[in-house]
Amino acid sequence: MGNFGIGQAVRRVEDKRFLTGAGQYTDDINKPGQLYLHILHSPHAHADISSIDTTAAKAAPGVVGVLTQADLDALGIGDILNLAAPPHKDGRALEVPARPALARGRVRYVGEPVAAVVADTLANAKDAADLIEVDYKELPAVVDIADAAKPGAPLVHGTEAPGNVWTHWQLGDEAATKAAFEKAHKVVKIDLINNRIAPTAMEPRGALAEYDVATERYTLIQGSQGSHKLRDWFAKNILKVPLDKVRVISPDVGGAFGMKNFLFNEPIVAVVASKLYGKPIKWMADRAGSFLNDAHGRDQINHAELALDKDGMFLGLRVSSFGNVGAYLSQFGAAIPTMAGCAMLVGAYRTPAAYVDVRVMMTNTAPVDAYRGAGRPEAAYVMERLVDKASRELGIPAAELRRKNFIRPEDFPYKTALGHKYDSGRYAELMDAAYKRADVAGFETRRAAAKKNGKLRGLGISYYVEACAGGQGEQPHLKFDADGKLTIIIGTQDNGQGHRTVYAQIAADAFGIPIENIVVKQGDTDEVPTGVGTGGSRSIPVGGSAVRATLLKMIEHGKDIASNLLEASAQDIEFDAGAFKIAGTDRKVSLKDVIGASFDDAKRGDVKPGLYAAETYAPAGATFPNGCHICEVDVDAETGELEFVNYTIQDDLGYAMNPLLMEGQIFGGAVQGLGQCLFEHAVYDKETGQLMTGSFMDYTMPRAGNTPRFNYAYTEVPTPNNTLGIKGAGEAGTIGATPAVANAVIDALSAVGVTHIDMPMTGLKIWQAIQSAQSKSAA
Amino acid sequence: MHAFTYHRPTSVADAVAKRSADADASYLAGGMTLIPTLKQRLAQPTQVFDLAGLADLKGIVVTDGAVTIGAMACHADVALSADVRRVIPALSDLAGTIGDPQVRNRGTIGGSLANSDPSADYPAAVLGLGATIHTNTRQISGDDFFKGLFETALKPGELIVKVSFPIPKRAAYMKFPNPASRYAVVGVMVAETAQGVRVAVIGAGACAFRLSAMETALSKSFSVAAIKDIAIPADDLNNDMHATAEYRAHLVGVMARRAVAAIA
């Protein structure tokens, strides 16, 4: 409708507030008399704690209290919960190790919270923390998958999990896959490392906790991806109090990327301290603390094999992976390398048989959990690099090999060998469109020209498909005020995406009212009755469809009122262009009048007062966003430096609600994907277990100058699995970009004999790969 | 950060007297290293003497033979000075590659040199252009200034007042930045000066150093061809997760050739 409705590239209604510094993030909120919490982190990767002496710290200036896990245990505070325990392939359950908020007798990674100081100022809290005497007895530590899997490796949790393998999980049909490989004409194999990432949200994690003695209620202000989950976890698992005794408010959130979904140590201490000391408690992570104790992402190694027949048709896929989940199981940590992503390993292709086995490994590192894409980027990276390798080994062009094996439009809904039912797609058509826009036909000419300038030009393609926006529903509440203002109350949580704008567009479109007349409320469990939260690219596909379902219910209510005003049967009333009218006549009443009547006992008739509705909407199934990324790079063979020349994306994200914000999601996502491919790597020292990339001096974030100008287009192939036909845009860019950039680098380096390189493909690694290929060819 | 006493001295003499009286005190120039170190609680000075108010340490003066830069001139002042660009464009270029705009508008030449970070850019200019460091008590030749990792010829309390760079016939600076920090993995200043050709390297060693083999070769023939076969030994070069010693040795050669190519 008009300039603001569905499909319009409306600028964010949030922009003015955010860009003028009027946003309210957790650290912008302060309470009178608040105290400051500072966490003492473990300096060791693995050590027994024989004693903690807090005497001097407690006596230090300004200190109100010092807490250790012994205090939390004495108060009956629950441990941090786990919500994903993929079973062993023999059916045994995964034993979940205890994860206390503060170390209980042993530390298992550098940065693990050990003790907490609460003081009148942060400086005093930090000074006092220096006075805490912890008696550590160091133990051997192990930080990476390969070392953790070695016989005799240090055990992160003693003998609970032999070999540090917490579960050896499987998916697919092993026998059928074996049979497929036996009849293969060719088997292509690849070994890949999926590097560990630190999430680095612009706004670090933080918490402001307050306890009200009169109502015996806790209030926690914390940027999150859904306040209801946090509320439930705090009430049921941590504090063991009724739900109504906990209120969680998520104010503005400056980036989350999966990581702000989770329950972390520090806010638990803040909440406990708020009651103990009777004052509001503020805790904010600094950047160093974020690197140490935010849940990291990725960290897998994968071995994959693709069986093909003589025509290049895929017969079977076999993948064997290891996923590093860190020293403790974060809520969904064990699901990420297993259930969350593995079913997407077959990608966009008809692969009749597939089998995956995954060992979930624990190491002396920070817990790993969902990070933008959560298992699907890892899966797409495996399959798209494997397909590219098959293309080289078989001498079939990358596009042709993909086209032969693509799931075709007529195949949908398509049940894959790993159990997903894909919704819709026109993969070959999108790839062709991307090829045309990227002028792939002219690539060899450009490559030759680049060579004259001393550059190695490479072209990389990925065709990603991912799974999102399925699962639980959302239940928005919508209401009109007497002045015509519409309030949308919803349990998803914007982290910067622009949800308020898009929800308002959906409602503006339906009601024919200006977007300025719509307010979206989120984040406060006292204001929002229910909520599942934001994650898995679900907010607009599921939340948007739920807003639509709810407003349709409101319109039905409005028709009842209109029928009274127009003295006609409600069945004969239509709502269109902001007015209720009797079908087939010009007799109508405006939305404004119906809203007015809804509050007027004399006018509204025999219906409930007001114009409001609540409705639950759950999607029929997951959606499968897909698309083609084509990346063209120049590598400086002398230095290993890489420069983007062109970057083309052709996406199918279903219907686009707001193309401007959708592009924003894809560009940001793609930059995170290329960041993983080229720059980002959370590195622990293998000897000491220290985090080597503990600041932006060593942890390389992609910068504006490192990123391409995206040439973006999309094709709308709606999903049947939600009302609005939206597939979701939050993670798609990340999933498509990583393999496309990697394939472009390999293609560039193929000219000098390089056939393999692992992420992050830094200048150093590229230079080393070239050196090693050249010394091989010289030998 | 730990507590300390903050002072704004009124003159160079005042600053030096007070700072010299306290071995645990520190000068504060632009603070681009000191302030992060304080925030991380790694430094614990008793007193901090902020040099920002000292007019004697400011300003850029170009005379016939030299560019003289006050110790508290920030990198942006140097990068954007039309006078500097006119006579030593390589120095403008170098200053313009330091950090990001925020750092360039806070960080100072005096602070950078006194710190002698192995990956900082200015030492390449001092050594490569044959500059002289003027302190509150003496003049130190650039060749004698850098002593090792974060070590200089400065005595405790001695304060850099200004730096004078003789104007070279031609000079170029090439830098391979660390992708994360933007400090130099390797930086090479090549200059033809009145005293001969100078080639100075930063990022690769414990502190800035000159490459005499290249200087000799370029003195005979100022061309890329003259240095293309000069191998840089990787022994003793810095080795970290961003760059191995071998990569640095290789990059020294590449950056030197590119610098020569830019002005040959």
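Bear in mind that the values here come from a model prediction, so they are computed numbers and not experimental data.

Caption draft 1: Fine view of the packing of helix 5 (residues 89–96) of chain B against helix 8 (residues 122–129) of chain B. Residues and elements named next belong to chain B. Relative orientation of the contacting elements helix 5 and helix 8 amounts to 165°, with a least axis distance of 9 Å. When the axis of helix 5 is compared with that of helix 8, the two are roughly antiparallel. Viewed along their axes, helix 5 and helix 8 form a crossing whose handedness is right-handed. Facing helix 5, whose interface residues are Leu-91, Leu-94 and Ala-95, helix 8 presents Tyr-122, Ala-124 and Ala-125. Here the residues of the contact of helix 5 with helix 8 are counted per class, giving six nonpolar, no polar and no charged.

Caption draft 2: Spatial organisation of the interface of chain A and chain B. In this assembly, 21 residues from chain A lie in contact with 21 residues from chain B. Between chain A and chain B the total buried area reaches about 1800 Å² when both faces are included, carbon and sulfur atoms providing 54% of it. At the junction of chain A and chain B, the tally comes to five salt bridges. Taken together, chain A and chain B are joined by twelve residue pairs in polar contact (both at pLDDT 80 or more). Taken together, the elements giving at least two residues each to the side of chain A that touches chain B come down to helix 4 (122–129) and helix 20 (763–778) of chain A.

Caption draft 3: Focus on unusual backbone geometry. Note that the residue after Phe-412 of chain A, namely Pro-413 of chain A, is joined by a cis bond; omega there is -5°. The residue Pro-413 of chain A is located in the loop between helix 12 (398–405) and strand 16 (414–415) in this model. Each neighbour pair has its own omega, and for Met-759 of chain A with Pro-760 of chain A the value is -10°, a cis peptide bond. Note that Pro-760 of chain A resides in the loop between helix 19 (732–750) and helix 20. One non-glycine residue, Glu-216 of chain A, adopts positive backbone phi at about 55°. The phi angle at Arg-41 of chain B is positive, at roughly 60°, despite the residue not being glycine. Accessibility expressed as a relative area gives 16% for Arg-41 of chain B, which makes it buried.

Caption draft 4: View of the state of the cysteines. Summed over all chains, the structure comprises zero disulfides over all chains. We note that Cys-342 of chain A lacks a disulfide partner, and the nearest cysteine sulfur, in Cys-468 of chain A, lies 17 Å from it.

Caption draft 5: Broad picture of the environment of Leu-127 of chain B. Residues and elements named next belong to chain B. Along the chain, the position of Leu-127 falls in helix 8. Among the residues examined, Leu-127 registers a relative accessible area of 4% and is labelled buried. For the pair formed by Leu-127 and Arg-248, sequence separation is 121 residues and the distance between their alpha carbons is 19 Å. Once you skip the residues sitting within four places of it in the chain, Leu-127 turns out to touch Gly-142, Asp-143, Phe-146, Arg-198, Ala-200, Ala-208, Phe-209 and Arg-210.

Caption draft 6: Spatial organisation of the confidence of the model for chain B. Chain-level pLDDT for chain B is 97 on average; 100% of the residues reach the 70-or-more range. Here the predicted complex scores 0.97 on pTM and 0.96 on ipTM.

Caption draft 7: Broad picture of the environment of Gln-139 of chain B. Within the secondary structure, Gln-139 of chain B is located in strand 7 (residues 139–141). With residues up to four places along the chain from it excluded, the contact list for Gln-139 of chain B reads Thr-132, Ile-133 and His-134 of chain B.

Caption draft 8: Region of the structure containing the packing of helix 11 (residues 376–394) of chain A against helix 19 of chain A. Residues and elements named next belong to chain A. Where helix 11 meets helix 19, the closest approach of the two axes is 8 Å, and the angle between their N-to-C directions is 30°. It follows that helix 11 is roughly parallel to helix 19 by the angle criterion. Of the two possible hands of crossing, helix 11 and helix 19 adopt the one that is right-handed. Across from Arg-376, Pro-377, Ala-380, Tyr-381, Glu-384, Arg-385, Asp-388 and Arg-392 in helix 11, the residues of helix 19 making contact are Ile-735, Thr-738, Pro-739, Ala-742, Asn-743, Ile-746, Asp-747 and Ser-750. A per-class count over the contact of helix 11 with helix 19 returns seven nonpolar, three polar and six charged.

Analysis parameters
Residues numbered from 1 in each chain as written. Chains lettered and ligands numbered in written order. Predicted model: local features only at pLDDT ≥ 70, side-chain atom pairs only at ≥ 80, totals over all residues. Heavy atoms only, no water. Axes fitted to C-alpha atoms, helices over the stretch in contact; angles between N-to-C directions. Helix = DSSP H or I, 4+ residues; strand = E, 2+ residues; numbered from the N terminus. Parallel < 35°, antiparallel > 145°, perpendicular 65-115°, else oblique. Left-handed = near helix turned anticlockwise from the far one by under 90°. Contact = heavy atoms within 4.5 Å. Nonpolar A, V, L, I, M, F, W, Y, C, P; charged D, E, K, R; others polar. Buried area = accessible area lost by both parts, 1.4 Å probe. Salt bridge = Lys/Arg side-chain N within 4 Å of Asp/Glu carboxyl O. Polar contact = N/O pair within 3.5 Å; in protein donor to acceptor, adjacent residues only side chain to side chain. Buried < 20%, exposed > 50% of the residue type's maximum accessible area, 1.4 Å probe, protein only. Disulfide = S-S within 2.5 Å. pLDDT = per-residue confidence, 0-100.

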